Amino acid sequence: MSFFTVYFQWILLSTLWFAEMEMHMTQRRSENFVAGLVFNLQCNRNGQNVSVSWSRVPSQSLGNITGITIKDNILWFLPAELVHSGEYSCFSRNGNETEEIIFEVSVQNETCPPMNRIDNVKSTEELICFLPRVFELDPGAQVTWRKNCHPLKGENRSVFPVNRSDEMVGLFTCFVNFTFEGLNYSAAQTTNLYSLPSGFVVTKPKIIFPKQETHTVTLGESFNLSCKALVGKNDMDETLIYWMSDSDSLNLSYKSITMKESEQLYKLCDLSISEVTAEYLNIDLKCVVQHPAGSDFGIVRLIPASQKEHHYWICLGLVALVMLLVALAFFFRVDLVLVYRDVCSSSAVCSDGKSYDAYVSYLHGDQLISSSAMTFALHFLPEMLEDLYGYKLFISGRDELPGEAVHEVITDRMSRSRRLIIVLTSQSQTDATKKSLISDDAVQLETSSSAQMCAAYEQRVGLYDALVKQGLKVLLVQVEDGVEEDLLPESLRFIRRTKGILRWRQNASDRANRRFWKYVRYHMPPAQRR
C-alpha cells in the first residue's frame, strides 16, 4: 500500500469522524421551591425529532423517588419535598446536537414561593396567574390571591385587576388548587409588582437592519442572515430577539448576542441556513425584537438566482481571472520566456541560416581609453553568453582573420548575425564623436583613430539594418556612468527611447548582475545548446 493511499484513507476517516461528531452544550439553572407545592421543570426543547431523558445527578434514576413523575417530557414534583433538593439533569438530543440542562433545586419550608416574574404597576392593568401547565392538567382549578403572603379578597379567577396606583406595589402570589389523577394538589406563582420613579422612561426596541430586503440565493448552498436591533431605554433585560418564518416546517437555527456601541445597547441575531432548499424561497423570514414596551420586526425574502445572473457572475469571474493571468504574465514575462526556452530548447531555436547569435561592437584598440568596454566585451560577455549559455558571438577585435578587409568583414558578419550588441561608455564620446559619431546624413566619418572608425562603421551598418531594413535587432549596453543621451547620435537616441538600455557595473551586487544577465538573455535569440 503506497503512502498516498494511506494518506487519502486517513483524510477520509478524519472527515467522517468530524462529520459524526456531536455538538454538545451544557447549561446550569437554579430553582427555589416551597415544600408542599407542585412545581415543574422543562427543557424548552421542542420538535418532532427531539428526545428528552431526565435523571438525578449523578446518573440516578427517578423511578424510585416518590413524589416525582415525568409527563410530556416535563418533570413534575407532586408536591415538592425537602428530600427533593439536589441536582436534576435534562439531556435532550436533536440529530447530532445534544444539550444538557442541570437544574440546581432547593426546597424550603416557606408559605409563599419566591418571586419569578416582574411587572410595572404603571403599565399593568391586570395580573395573570402564569401557571399554564397546571391549568392544562385541570382547567377547573380554583385560584386565590395573596399580597405579600397575606390573603386578598377576590373572586375565583386567574386574572387579578390592578388600579395602577403605588399602593399596589408588592409581591402578589396566586395559589391554584387542582386535581390530577384523583389527588388534590396546590401550586403557586409570585409576581413582583413594582413602581418606577418619576421621569423613568421605557422605550421600545427598534430594528436597525434588515427592514425590507430581498436576497438572491442558490439552491443547495449555505446562506447567513444578520439582524441588528437597538435595545430600548431601561429595558431591564426583557428584550428578546429571534428569527421566525411563515412556514411551520422550517426549523430556524439562530444565535443572538448583546453588544454596546457608543453607550447604546444593541442585539445581534445571526440566522444560519446550512443548505438552502425550496422551502426557504419566496417566504417572509422575520427578525423580531420584543419587549413589554413594544416590538419591531424586519423582513427578508429569499429568491432563487436566475441562470442568466449565474452565468453573468461566472463570466465576470473568468474575465477577472484572465486579467489577473495577463497581468502576472506581463510582470513575469522575462522569466516565462526564459523558462520556455529552457524547457522547449529545440523548438525555440531559430533556423534562419544565421551563423552568429550576436555581433558585438565596442570601442577598442586604445587600452587607456576603452578598458571598461574591452573588459566587458572580451571577458565578461563571452564568459556568460558563450561559455555558460551556449551563444555564438562575433566580437569585433577578436574574431577577424588576418588580412581580411575590415569593411567587408563588418558587412558580412553583421548580415549573418541575429543581434547587434553595442557597448557604450563615456569614453565612446570623443570630441570627434560629439561632432558626429554616426551621422545619419553624411557618409564621411570624422574619427580620431582607426578603432573609432571601425566602431562607427559597425554601428552605422548595424543601425541601417535595424532601422531601414528592420532585419537586425539592436541591444544597447552601458558599462559605466557618464553616457550623455544628448551627445548620442539621433539613431541611437531613438533606439534607447524605444527599446531601452541595459546597464552593467562590474562591482554591482550579485542580485543586480543576475538581473542584468537575465534581461540580456531575454533580448537575445534562443541559444543552440552545444
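Our structure is the block above this text.
Conventions we followed
Residues numbered from 1 in each chain as written. Predicted model: local features only at pLDDT ≥ 70, side-chain atom pairs only at ≥ 80, totals over all residues. Heavy atoms only, no water. Helix = DSSP H or I, 4+ residues; strand = E, 2+ residues; numbered from the N terminus. Buried < 20%, exposed > 50% of the residue type's maximum accessible area, 1.4 Å probe, protein only. Contact = heavy atoms within 4.5 Å. Areas by Shrake-Rupley, 256 points an atom, 1.4 Å probe, with all protein chains shown as cover. Phe/Tyr/Trp six-rings, centres within 6.5 Å; stacked < 30°, edge-to-face > 60°. Lys NZ or Arg CZ within 6 Å of the ring centre and 35° of its normal. Axes fitted to C-alpha atoms, helices over the stretch in contact; angles between N-to-C directions. Parallel < 35°, antiparallel > 145°, perpendicular 65-115°, else oblique. Left-handed = near helix turned anticlockwise from the far one by under 90°. Pairing = 2+ DSSP bridges. Disulfide = S-S within 2.5 Å. Salt bridge = Lys/Arg side-chain N within 4 Å of Asp/Glu carboxyl O.

A. Just the overall build of the chain, in detail. Of regular secondary structure, the chain possesses 11 helices and 27 strands. By residue count, 38% of the 530 residues in the chain fall in the buried class. For the chain, contacts bridging at least 24 residues in sequence account for 68% of all contacts bridging at least 6. Counting every atom, the chain has about 31,500 Å² of accessible surface; 53% of that belongs to carbon and sulfur.

B. Broad picture of the packing of aromatic side chains. Summed over all chains, the structure comprises 15 aromatic pairs. Seen in terms of ring centroids, Phe77 and Tyr88 are 5.4 Å apart; in terms of plane orientation they differ by 90 degrees. Their pairing is edge-to-face. Within this pair, whereas Phe77 is found in strand E5 (residues 74–77), its partner Tyr88 is found in strand E6 (residues 86–94), the two being separated by 11 residues in sequence. As far as the burial class goes, Phe77 and Tyr88 line up, both buried. For the pair Trp145 and Phe160, a centre-to-centre distance of 5.4 Å together with 40 degrees between the ring planes defines the contact as tilted. Taken as a pair, Trp145 in strand E10 (residues 142–147) and Phe160 in strand E12 (residues 159–161) lie far apart in primary sequence, 15 residues in all. There is no split in this pair, since Trp145 and Phe160 are both buried. The cationic tip of Arg146 hangs over the ring face of Phe175; the distance from NZ or CZ to the ring centre is 4.7 Å.

C. Region of the structure containing the packing of helix H6 (residues 371–388) against helix H11 (residues 510–523). One way to put it is that H6 packs onto H11 with a least axis distance of 11 Å and a crossing angle of 75 degrees. Classed by the angle they form, the pair H6 and H11 counts as roughly perpendicular. Together, Phe376, Phe380, Leu381, Met384 and Leu385 of H6 and Phe516, Trp517 and Val520 of H11 make up the contact between the two elements.

D. Just the packing of helix H4 (residues 333–343) against H11, in detail. Viewed as axis vectors pointing N to C, H4 and H11 meet at an angle of 65 degrees, and their least axial separation amounts to 10 Å. H11 is crossed by H4, and the crossing has left-handed handedness. Contacts between H4 and H11 involve Arg333, Val334, Asp335, Val337, Leu338, Arg341 and Asp342 on the former and, on the latter, Lys518, Tyr519, Arg521 and Tyr522.

E. Inspection of the sheet that holds strand E22 (residues 294–304) at higher detail. As summarised here, the arrangement of the four strands in space is E16-E22-E21-E18, forming an open sheet in which the pairing is mixed. Each edge of the sheet is formed by a strand with only one pairing partner; in this case those strands are strand E16 (212–217) and strand E18 (240–245). Taken over all neighbouring pairs, the strand axes of this sheet differ in orientation by 20 degrees on average, direction set aside. As paired elements, strand E21 (residues 284–291) and E22 share eight bridges and run antiparallel to each other. Paired with Val288 across the strands is Phe297, a residue of E22.

F. Here's a closer look at the state of the cysteines. Under the defined criterion, the tally for this structure stands at three disulfides. The disulfide partner of Cys227 is Cys287, and the gap between their sulfur atoms is 1.9 Å. Torsion about the S-S bond of the Cys227 and Cys287 cystine: about -90 degrees, corresponding to left-handed handedness. Highlighted residues: Cys227 in strand E17 (residues 223–230) and Cys287 in strand E21, separated in sequence by 60 residues. Note on Cys287: relative accessible area 0%, which makes it buried. Cysteine Cys269 is unpaired, with the sulfur of Cys287 as its nearest cysteine sulfur at 5.5 Å.

G. Representation of the sheet that holds E5 in the model. One open sheet accounts for three strands, arranged E2-E5-E4; its pairing is antiparallel. At either margin of the open sheet sits one strand with a lone partner, and together these are strand E2 (39–41) and strand E4 (68–71). Averaged over all pairs of adjacent strands, the angle between strand axes in this sheet comes to 25 degrees, irrespective of strand direction. Bridge count between E2 and E5: three bridges; the pairing is antiparallel. Considered in E5, the bridge of Asn40 is made with Trp76.

H. Layout of the pattern of salt bridges. Tallying each qualifying case throughout the model produces 13 salt bridges. Here Asp335 ties to Lys518 by a salt bridge, and the two come within 3.5 Å at their closest N and O atoms. Of the two residues, Asp335 is situated in helix H4 and Lys518 in helix H11; the sequence distance between them amounts to 183 residues. Residue classification places Asp335 among the partly exposed positions, given a relative accessible area of 32%. Accessibility expressed as a relative area gives 23% for Lys518, which makes it partly exposed. Across the pair Arg418 and Asp357 runs a salt bridge, and its minimum N-O distance is 2.8 Å.

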